[in-house]
Amino acid sequence: MSLTDKDKAAVKALWGTISASADAIGADALGRLLVVYPQTKIYFKHWPDLSPNSPSVKNHGKNIMSGIALAVNKIDDLKSGLNALSEQHAFQLRVDPANFKLLSHCILVVLAIRFPHEFTPEAHVAMDKFFCGVSLALAEKYR
Amino acid sequence: MVEWTDFERSTIKDIFAKIDYDCVGPAAFSRCLIVYPWTQRYFGNFGNLYNAAAIIGNPNVAKHGITIMHGLERGVKNMDHLTETYAELSVLHSEKLHVDPDNFKLISDCLTIVVASRMGKAFTGEVQAALQKFLAVVVFSLGRQYH
């Protein structure tokens, strides 16, 4: 299910609209992940505060969206574009890749909330495919 | 036996009381057919599903979206007996319609996204968790009679 030119154009177009709110989107999505899928909290036991509006969540949400921005930039070759991030996730963070799907879903929900008109079914399918591609690239170095 | 908190019960009833089935049903179902096109396999007799515009404008799609919402409403009214409530529909989906139960999760995700877009900021993480828990139990009940 690789990204067609149409998908890439749709992702870039939507990113153009949403990128100004990237930090808020990231914080909202991550906060949501921790509430909707509480098992994901295990990766953040070192944070003093795991509530949605905490500084740790806000900051990390920002980091995540920087990664997404990088992926949009490297959309033509996600595998090599996200190589360093894949190594980090594989050897240091060791996040079970099943969680990538959960966070992707939370980001999509946040987009639906914040951009109900722009997040059309066509934009949705392109973003869903994009996040699948990003997740695959992130899992590349795992084994 | 699923345990529901007071918050979960009131949230689910509240969501289904407030949403417009005629709007949300068609929007969620058409989104599912567009985002996960392999789900179209079950709707060969629905007419034109050629592209997103055709799907969104298709009256059979709209009608079936509304049917799905009424099906979910039965669950909302019987939250403590979901397995029994959906036993017959589970048999139907397995024996007659031959629907892969993994597909139930796909429509459920699309419905979550459509409800989120309608509710906006009111769709907090806690509300999302409640809706997803309800839909997960419905999905489980619908898959229960498969063999």
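Residues numbered from 1 in each chain as written. Chains lettered and ligands numbered in written order. Predicted model: local features only at pLDDT ≥ 70, side-chain atom pairs only at ≥ 80, totals over all residues. Heavy atoms only, no water.

**Student:** I'd like a rundown of the overall build of chain A, residues and numbers included.
**Tutor:** Broken down by element type, chain A carries 7 helices and 0 strands. In sequence order, chain A lays out its α and β elements as α-α-α-α-α-α-α. In terms of C-alpha radius of gyration, chain A reaches 15 Å, essentially the compact-globule figure of 15 Å for 143 residues. In chain A, the proportion of contacts linking residues at least 24 apart, taken out of those at least 6 apart, comes to 73%. Carbon and sulfur atoms make up 54% of the accessible area of chain A, which amounts to about 7300 Å² in all. Computed over 16 positive and 13 negative side-chain charges, the inter-centroid distance for chain A is 5 Å. (Helix = DSSP H or I, 4+ residues; strand = E, 2+ residues; numbered from the N terminus. Rg over C-alpha atoms; globule rule 2.2 N^0.38 Å. Contact = heavy atoms within 4.5 Å. Areas by Shrake-Rupley, 256 points an atom, 1.4 Å probe, with all protein chains shown as cover. Lys, Arg positive; Asp, Glu negative; His and termini not counted. Charge placed at Lys NZ, Arg CZ, Asp CG, Glu CD.)

**Student:** Report on the side chain of Thr 11 of chain B, specifying residues and quantitative values.
**Tutor:** All names here are of chain B. Relative to the elements of secondary structure, Thr 11 occurs in helix α1 (residues 6-18). Taking relative accessible area as the criterion, Thr 11 reaches 9% and is therefore assigned buried. A polar contact is formed between the side chain of Thr 11 and the backbone oxygen of Phe 7, at a distance of 2.7 Å. Those residues in contact with Thr 11 that lie beyond four places of it in its chain are Val 127 and Ala 130. (Buried < 20%, exposed > 50% of the residue type's maximum accessible area, 1.4 Å probe, protein only. Polar contact = N/O pair within 3.5 Å; in protein donor to acceptor, adjacent residues only side chain to side chain.)

**Student:** Please give an account of the side chain of Lys 8 of chain A that cites residues and values.
**Tutor:** Residue and element names in this part refer to chain A. With respect to the element layout, Lys 8 can be found in helix α1 (residues 5-18). Residue Lys 8 is classed as buried on the basis of its relative accessible area of 16%. Polar side-chain contacts of Lys 8 include one of 2.9 Å to the side chain of Asp 76. Apart from residues lying up to four places away in sequence, Lys 8 is in contact with Leu 3, Ile 75 and Asp 76.

**Student:** With reference to specific residues and values, describe the packing of helix α6 (residues 87-96) of chain B against helix α8 (residues 125-143) of chain B.
**Tutor:** The angle between the axes and the distance between the axes are what describe a pair of packed helices. All names here are of chain B. Taken N-terminus to C-terminus, the directions of α6 and α8 make an angle of 60 degrees; their axes are 7 Å apart at the nearest point. With respect to their mutual orientation, α6 and α8 come out oblique. Residues Leu 89, Ser 90 and His 93 of α6 touch α8, and the partners they reach there are Ser 141, Leu 142 and Gly 143. (Axes fitted to C-alpha atoms, helices over the stretch in contact; angles between N-to-C directions. Parallel < 35°, antiparallel > 145°, perpendicular 65-115°, else oblique.)

**Student:** Could you give me a rundown of the interface of chain B and chain A, with the residues and numbers involved?
**Tutor:** Contact residues are listed per partner, giving 22 residues for chain B and 20 residues for chain A. In this assembly, chain B packs against chain A so that about 1700 Å² is buried in total across both faces, 66% of it on carbon and sulfur atoms. At the boundary of chain B and chain A, one finds 0 salt bridges. Our enumeration of links across chain B and chain A arrives at 7 residue pairs in polar contact (both at pLDDT 80 or more). Elements represented by at least two residues in the side of chain B that touches chain A include exactly α2 (21-35), α3 (52-57), α7 (102-119) and α8 of chain B. Examining the composition of the side of chain B that touches chain A, we find that 6 residues originate from one element, α7 of chain B, more than from any other. Each residue belonging to the side of chain B that touches chain A can be placed in one class, and the counts come to 11 nonpolar, 7 polar and 4 charged. (Buried area = accessible area lost by both parts, 1.4 Å probe. Salt bridge = Lys/Arg side-chain N within 4 Å of Asp/Glu carboxyl O. Nonpolar A, V, L, I, M, F, W, Y, C, P; charged D, E, K, R; others polar.)

**Student:** Account for the packing of α1 of chain B against helix α4 (residues 59-77) of chain B, with residues named and values stated.
**Tutor:** Residues and elements named next belong to chain B. Here α1 crosses α4 at 150 degrees, and the two axes come no closer than 10 Å. Crossing geometry of α1 relative to α4 is assigned as left-handed. Contact with α1, carried on its side by Ile 12, Lys 13 and Phe 16, involves Met 69, Leu 72, Val 76 and Lys 77 of α4 and no other residues of that element. When the residues that make up the contact of α1 with α4 are grouped by side-chain class, the tally is 5 nonpolar, no polar and 2 charged. (Left-handed = near helix turned anticlockwise from the far one by under 90°.)

**Student:** Tell me about the UniProt feature "domain: Globin" (unreviewed entry) in chain A, residues and numbers included.
**Tutor:** Residues given the UniProt feature "domain: Globin" (unreviewed entry) here are residues 2-143 of chain A. Secondary structure across residues 2-143 of chain A comprises 70% helix and 0% strand; the distance between its end C-alpha atoms is 21 Å. (UniProt positions renumbered as here; feature names shortened; annotations may be inferred.)

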